[in-house]
Amino acid sequence: MALRKIREMGDPILNKVCKEVKAVGEKELQLIDDMFDTMYEANGVGLAAPQVGILKRIVVIDCGDDPICLINPRIVETDGEQTGYEGCLSVPGKTGTVTRPNYVKVEALDEEMNEIIVEGEELLARALIHEVEHLDGHLYVEKVEGGVNGLQDVVYDDEEKE
Ligand code: NI
């Protein structure tokens, strides 16, 4: 188990656009393993590579059903709307209200570079869109109702964090 340091808001690496992954080798597999370890250790439900300082289009998500690893993910369909609290491991101790699609469909590659499709509703939809936005240098705080002033302190220990 190897933990990586989670970059926090204000670190310029979180605002950069990540590069497409052309091949998955030892280095990428190690990164993915470390990302899962780091996410679970921090009680998060999602983590994107730039959050550990790596500008590659890789995200990991686990909303409690199955661990999901997405390489070069693209959102191809969205539907509906949900409004709720959202958080981010790069913005520790904070939460804010964000409106997102209630359904999201993503095309991506798995660790073996096979094409996969992942569909999610509710929390998984929120996590999918939140993580894909990280890869383009965006943080959820940009979408919080009330802007940065709309951020609140987390009051529950089990707050879901992406
Ligand atoms: Ni995040």
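Residues numbered from 1 in each chain as written. Predicted model: local features only at pLDDT ≥ 70, side-chain atom pairs only at ≥ 80, totals over all residues. Heavy atoms only, no water.

Spatial strand order, E1-E2-E3-E6-E7: five strands in an open sheet with antiparallel pairing. Because the sheet does not close on itself, it has two edges, and the strands there are strand E1 (46–48) and strand E7 (115–121). On average, each strand axis in the sheet is inclined to that of its neighbour by 35°, with strand direction left out of account. Across the sheet, helix H2 (residues 123–135) touches E1, strand E2 (58–61), strand E3 (68–79), strand E6 (103–109) and E7, and the angle it forms with E7 is around 125°. (Pairing = 2+ DSSP bridges. Helix = DSSP H or I, 4+ residues; strand = E, 2+ residues; numbered from the N terminus. Axes fitted to C-alpha atoms, helices over the stretch in contact; angles between N-to-C directions. Contact = heavy atoms within 4.5 Å.)

With respect to the helices and strands, Gly53 occurs in the loop between E1 and E2. Separated by 21 residues in the primary sequence, Gly53 and Ile32 place their C-alpha atoms 13 Å from one another.

Coordination of the nickel ion by the protein comes from Cys88 (SG), His130 (NE2) and His134 (NE2), over a distance range of 2.1 to 2.3 Å. Read N to C, the donor residues that coordinate the nickel ion are spaced as C-x41-H-x3-H. Taken together, the residues span about one helical turn, with His130 and His134 both in helix H2 at a distance of four residues. In this structure, His130 and His134 share a single accessibility class: buried. (Donors = N, O, S within 2.8 Å, 3.2 Å for Na, K, Ca; no water. Buried < 20%, exposed > 50% of the residue type's maximum accessible area, 1.4 Å probe, protein only.)

This structure, assessed with the given rule, holds zero disulfides. You can see Cys18 has no disulfide; the closest cysteine sulfur is in Cys88, sitting 13 Å from it. The buried category is assigned to Cys18, whose relative accessible area is 5%. (Disulfide = S-S within 2.5 Å.)

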